[in-house]
Amino acid sequence: AVPHSTHTHRSTCSYCGVGCGILVQQDARGKLHVKGDPDHPVNRGMLCSKGMNLHYVVSDQQDRMLYPQLRASRQHPLERVSWDTALTRAAAVFKSLIRQYGPDSVGFYVSGQCLTEEYYLVNKLTKGFLGTNNIDTNSRLCMSSAVAGYVKALGEDSVPISYEDIELADCFFIAGANPAWCHPILFRRIEQRKEQHPAMKMIVVDPRRTQTCQMADLHLQIRPGTDTIVYQAIGRALIENGDIDLHFIQHHTDGFETYRDEVMQTTLEEAAAHCDVPVEDIRLAARYIAESKGFITMWAMGLNQSAQGVNKNLALLNLNLITGHIGKPGSGPFSLTGQPNAMGGREVGGMSSLLAAHRNLLNPAHRDEVARFWGVEKISEKPGLTATQMFDALRDGRMKAVWIVCTNPLVSLPDARLADEALKNARFVVVQDISNRSDTAKYADLVLPAAGWLEKEGTMTNSERRITYLPKVVEAPGEALPDAEIFCRFARKMGYSGFDFPDQAAVYAEHCALTQGTNIDISGLSYDVLKTQGSVQWPVPSPGHGGTPRLFTDRQFYTPNQRAQILPSGAQNASEHVSPDFPLVLTTGRVRDQWHTMTRTGKVRKLGQHRPTPFLEIHPDDARQRDIQHGDTVVVRNLRGEVRVHAHISGDIKRGVVFLPMHWGKILNRDFGRANNLTNNVVDPVSKEPDFKFSAVEVERY
Ligand code: SF4
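Residues numbered from 1 in each chain as written. Predicted model: local features only at pLDDT ≥ 70, side-chain atom pairs only at ≥ 80, totals over all residues.

Novice: Explanation requested: the overall build of the protein in the structure shown.
Specialist: When helices and strands are counted, the protein shows 24 helices and 30 strands. Projected onto the principal axes, the alpha-carbon positions of the protein cover approximately 70 × 65 × 55 Å. The buried share of the protein, taken over its 702 residues, is 59%. (Helix = DSSP H or I, 4+ residues; strand = E, 2+ residues; numbered from the N terminus. Buried ≥ 20, exposed ≤ 12 C-beta atoms within 10 Å, placed from the backbone.)

Laid out in structure tokens, this is it:
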């Protein structure tokens, strides 16, 4: 329990995009205590296992980076230096590379865990002052397909609904997501809805029978890569049964006729055979949707992390659009954000393809507007490199230096050997992080210690567009500094003006001012408002506005003609093909109690108890064919690499499919269970999000 003796701080969990409110106290002995905030609109006092153990992560400082370290060359060890020496050196290297090779020879790779102010500053620094759009984020590995889907269909990267719609819905369509494990508090709200409204229906689409499926009324256990076909088949069934909203389609959308022609090309029987699900189940899914008054589609990485991620998003969004289930209570599409501030990062334009406040980098008027605001001559018209492109460019020498902030690409990028080669080949690698458990740090020429959660102030935006202020509660250890302070000091070393902020409130005010007049206008927000009134959902266009829980209630979309676009989504699987040599499909994902590359959750013994080691989930028939017993060490391999791991035989996974968790990395485990040895660097052509969910592999006993 949180003691009553000291001041209580209200903060937000720093893990997933659900954005649960947390109460934090430090007792007289300096010990931290956390518990769920009972007054927070997201979690109403609940926390999952990761959130409940956050104080251990802050308190255990064994692995913390404490002071800047620099090496003279790759042959020399890292040595402790002062902040001044560290940033003088960084500025000298960046200036020299830009002079010699141009601004596109450098870049920043940041994180959906950065605070909005940090994101704003590094984006301003890169695009406004360094003169390159080479800034991308690990959100590219997470939400970029959903972003592109929203922009194409609705005109803007805009999640239309609120968590409160969960309590108003009576049909949930959960695709490529396991919220019971990965968004647990949000899932708890769905469970509560079911308890209160037993007639509610849940349809889950997933090649694995996950924890989420235990509550499902219908599980469509599709063949990997066939998502689009099953959504189109459901669309066809809805059209054939007359269960579509013709008034909405006629008055508020474009493209229905083309969509209808596309879905009519495949019979339900053909689709069922292709997806390997019973045709009756496709009809039943359509019936559940047709009978609902409130219909929510939810999805996560199963759709986004795909070579056809944008098309999968469009195919799912189309189910909301043809039934008119958008912009009204209890209805709408709802992408589940993986990281706590992926959305805040997009708001400030913190990706290579974006500009501040969702402006378009390719639009000259938008570039001029932002350049004028920042007081710079221009913003480069050349699109920046995305996450995997940046590492390709480091590998082939087009990029010389990369500054990596709060992310561990050596473990998280697809085809790990490519990330290895890229960082080996780079001339200068800066790693700005809190933990020396980051595998990427071994390639650093310069290590910069950053402050972590509770050690700095700022804001974040969760999956439902809710912006929350996070206060500084404790001092950072050693010489660690907030990321925002590091960016400002570096900018000043480079000789740039515009980075002398008295505090983070001033950074936030500048960001808010830049949103004025846009669809994500938060010019009515400030630190004072957030501190006194609590969290709020954008847009907030004027002081005292109170926020916007639901978008498109007037059925006016953000497209040029204000009509939603029902777009064809194709059905071609662009992933690599299975073959006699590599006949199984590998898919990767999370386990319940771990987070990303485990630099934080890996420190908490309690969180390791649920799944202490990496494992390969394999169907009993596939195991039997290969003479594999439960618990055997097996080798999973393909042409990109191999992984040793223990076999976990389970009827929960579809025959022909195997699953590896994505958390375990190289240094800690000597390649044991390192899933990204096997994943493919191929990306979606529009979103550039990698195809983590479909790699052809073979498995054998070790
Ligand atoms: Fe944190 Fe997400 Fe768990 Fe909430 S559901 S406590 S935000 S990890």
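Novice: Before we go on, may I ask you to explain the nonpolar core in this structure?
Specialist: Generally speaking, nonpolar side chains in soluble globular proteins are found buried as a group. Judged by nonpolar contacts, the single largest core of 191 residues is most densely connected at V230, I234, I282 and V402. If one sorts the elements of this core by residue count, helix α14 (residues 309–322) sits on top with 8 residues. Listed in part, the 25 residues of the second largest apolar core include I618, V636, L660 and L678. (Core = buried A, V, L, I, M, F, W, Y, C linked by C-beta atoms within 7 Å.)

Novice: Can you help me understand the sheet that holds strand β24 (residues 615–618) in this one?
Specialist: Strand pairing within a sheet occurs via backbone hydrogen bonds; the two strands may be parallel or antiparallel. Read around the closed barrel, the 6 strands follow the order β23-β27-β24-β26-β25-β30; overall the barrel is mixed. Within this sheet the neighbouring strands show an average axis-to-axis angle of 45°, counted without direction. Here strand β23 (residues 584–589) pairs with strand β30 (residues 695–701) via 3 bridges, running antiparallel. By the bridge assignment, V585 is partnered in β30 with A696. (Pairing = 2+ DSSP bridges. Axes fitted to C-alpha atoms, helices over the stretch in contact; angles between N-to-C directions.)

Novice: How should the site of the ligand be read in this particular structure?
Specialist: Within the structure, the ligand sits among 14 residues, and C13, C16, C20, C48 and G51 are positioned closest to it. At the level of elements, α1 (49–52) and α7 (184–196) are the ones that each hand at least two residues to the shell around the ligand. Looking at the shell around the ligand residue by residue, the class counts come to 9 nonpolar, 4 polar and 1 charged. Viewed by domain, the shell around the ligand spans two of them, domain 1 (9–59) and domain 3 (144–335), each represented by three or more residues. (Near = placed C-beta within 6 Å. Nonpolar A, V, L, I, M, F, W, Y, C, P; charged D, E, K, R; others polar. Domains from an automatic or database assignment.)

Novice: Mind showing me how you'd approach the packing of helix α3 (residues 83–101) against helix α20 (residues 483–493) here?
Specialist: The packing of two helices is summarised by the inter-axis angle and the distance between the axes. Between α3 and α20, the least distance of the axes is 9 Å, while the angle of their chain directions is 55°. With respect to their mutual orientation, α3 and α20 come out oblique. You can see that α3 and α20 cross each other, and the crossing is right-handed. Residues L87, T88, A90 and A91 of α3 lie in contact with α20, whose contacting residues are R489, F490 and K493. Considering only residue class, the contact of α3 with α20 consists of 4 nonpolar, 1 polar and 2 charged. (Parallel < 35°, antiparallel > 145°, perpendicular 65-115°, else oblique. Left-handed = near helix turned anticlockwise from the far one by under 90°. Contact = placed C-beta atoms within 7 Å.)

Novice: Honestly, the pairing of β23 in this entry has me stumped. Any pointers?
Specialist: On a regular strand, one side chain projects to one face of the sheet and the next to the other, so that they alternate. Of all the 6 residues making up β23, 6 are buried; the element is thus mostly covered by neighbouring parts of the structure. Burial of the side chains of β23 extends over both faces: L584, L586 and T588 are buried on one face and V585, T587 and G589 on the other. Bridge count between β23 and strand β27 (residues 657–661): 5 bridges; the pairing is parallel. Directly across from V585, in β27, lies its bridge partner V657.

Novice: What's the story with the domain arrangement of the protein in this structure? I'm lost.
Specialist: The extent of an interface is frequently quoted as the accessible surface area lost upon association of the parts. Taken domain by domain, the protein holds domain 1 (9–59), domain 2 (69–138 + 341–516), domain 3 (144–335) and domain 4 (584–701). Each of domain 1 and domain 2 was reduced to a C-alpha centroid, and the two centroids are 27 Å apart. At the interface, 12 residues of domain 1 touch 14 residues of domain 2. If you list the elements that add at least two residues to the side of domain 1 that touches domain 2, you get β1 (9–12), β2 (21–26) and α2 (54–59). Of all the elements, β1 adds the most residues to the side of domain 1 that touches domain 2, at 3 residues.

Novice: Which parts of the structure should I look at to understand the sheet that holds strand β3 (residues 32–36)?
Specialist: The antiparallel open sheet is built from 3 strands, whose spatial order is β1-β2-β3. Looking at the sheet topology across the chains shown, the edges are occupied by β1 and β3. Going from strand to strand, the sheet's axes swing by 35° on average, the running direction of each strand aside. Where β1 lies against β2, 4 bridges are found, and the strand directions are antiparallel. Looking across to β2, one finds that H9 is bridged to V24.

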